[in-house]
Amino acid sequence: MSRLVAQSAAGDAAAAAELFPIVYEELRRLAASALRRERTDHTLQPTALVHEAFLRLAETPGASWENRAHFVAVAARVMRRVLVDHARGRNALKRGNGEIRVPLDDVDVAAVGQDVDLVALDDALARLATLDERQARIVELRFFGGLSVPETAALIGASERTVKRDWQVARAWLTRELSSSAGPS
């Protein structure tokens, strides 16, 4: 993939044509993972998420990925931005009357069955990143990228044990942050 990215960036149309289906399939996998955790009446469809993410990736000046793992990390971050932007847009339309909630039980960030406001999660992840960048990245990769512990460990260059430990700490921190930001009902 890195060879195709380099050749495509250099203007090789054949490499770009060969790269597109690979990138597209990877984006579809990430989108399916991200949208599995969305509410059932979500208005953003998987194909629209893939296309928006692809456009944002393509518009990134000087974009190049070292390897598949690097691409997945960048794509997970782009999908996070697309989903959060979509949630913020819906919240703006509703003027706060209906929060965009995401079930997090698939990745066990919070208690089973608990829904979390996607915008609040994004804000909490930004705060976590100021405290511990690796923990925030692990949450981003696991939640928005749908990666397993072994995949996450390989991607960030840490042991599975470290990823599991950081994941557990990040989940506890996010649970506290999200429950304190929710306020009384």
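Preceding this section is the structure that the text describes.
Residues numbered from 1 in each chain as written. Predicted model: local features only at pLDDT ≥ 70, side-chain atom pairs only at ≥ 80, totals over all residues. Heavy atoms only, no water.

## Some details on the packing of aromatic side chains
Under the counting rule described, the total for this entry stands at zero aromatic pairs. It is Arg142 that lies over the ring of Trp167; its NZ or CZ is 4.5 Å from the centre. (Phe/Tyr/Trp six-rings, centres within 6.5 Å; stacked < 30°, edge-to-face > 60°. Lys NZ or Arg CZ within 6 Å of the ring centre and 35° of its normal.)

## Some thoughts on the environment of Phe143
Along the chain, the position of Phe143 falls in helix H6 (residues 133-144). The spacing of Phe143 and Arg80 is 63 residues in sequence and 9.1 Å in space, taken between C-alpha atoms. (Helix = DSSP H or I, 4+ residues; strand = E, 2+ residues; numbered from the N terminus.)

## Digging into the side chain of Glu140
Tracing the backbone through its elements, the reader meets Glu140 in helix H6. For Glu140, a relative accessible area of 2% translates into the label buried. A distance of 2.9 Å separates the side chain of Glu140 from the side chain of Arg77, its partner in a polar contact. One polar contact links Glu140 to Arg80, side chain to side chain, over a distance of 2.9 Å. In this structure Glu140 touches Ala76, Arg77, Arg80 and Gly145, once residues within four positions along its chain are discounted. (Buried < 20%, exposed > 50% of the residue type's maximum accessible area, 1.4 Å probe, protein only. Polar contact = N/O pair within 3.5 Å; in protein donor to acceptor, adjacent residues only side chain to side chain. Contact = heavy atoms within 4.5 Å.)

## What about the packing of H6 against helix H7 (residues 149-156)?
Two elements in contact, H6 and H7, have axes whose closest approach is 10 Å; the angle formed by their N-to-C orientations is 130°. One finds that H6 runs oblique with respect to H7. Regarding H6 and H7, the two cross each other, and that crossing is right-handed. Between H6 and H7, the residues in contact are Arg134, Arg137, Ile138, Leu141 and Arg142 and Val149, Thr152, Leu155 and Ile156, respectively. Within the contact of H6 with H7, the residues separate by chemical class into five nonpolar, one polar and three charged. (Axes fitted to C-alpha atoms, helices over the stretch in contact; angles between N-to-C directions. Parallel < 35°, antiparallel > 145°, perpendicular 65-115°, else oblique. Left-handed = near helix turned anticlockwise from the far one by under 90°. Nonpolar A, V, L, I, M, F, W, Y, C, P; charged D, E, K, R; others polar.)

## Quick look at the nonpolar core
Generally speaking, soluble globular proteins have nonpolar side chains that are buried together. Core analysis: the biggest nonpolar cluster contains 50 residues, and Leu27, Leu49, Leu83, Leu118, Leu121, Leu125 and Leu174 have the highest contact counts within it. Tallying contributions element by element places helix H4 (residues 68-94) first for this core, with 11 residues. Among residues more than four places away in sequence, those in contact with Leu27 are Val50, Ala53, Phe54, Leu57, Phe71, Ala75 and Met79. (Core = buried A, V, L, I, M, F, W, Y, C linked by side-chain atoms within 4.5 Å.)

## Concerning the side chain of Asp166
Following the sequence through the fold, Asp166 ends up in helix H8 (residues 160-182). For Asp166, a relative accessible area of 4% corresponds to the buried category. A polar side-chain atom of Asp166 sits 2.5 Å from a polar atom in the side chain of Arg134. Among residues more than four places away in sequence, those in contact with Asp166 are Arg134, Gln135 and Ile138.

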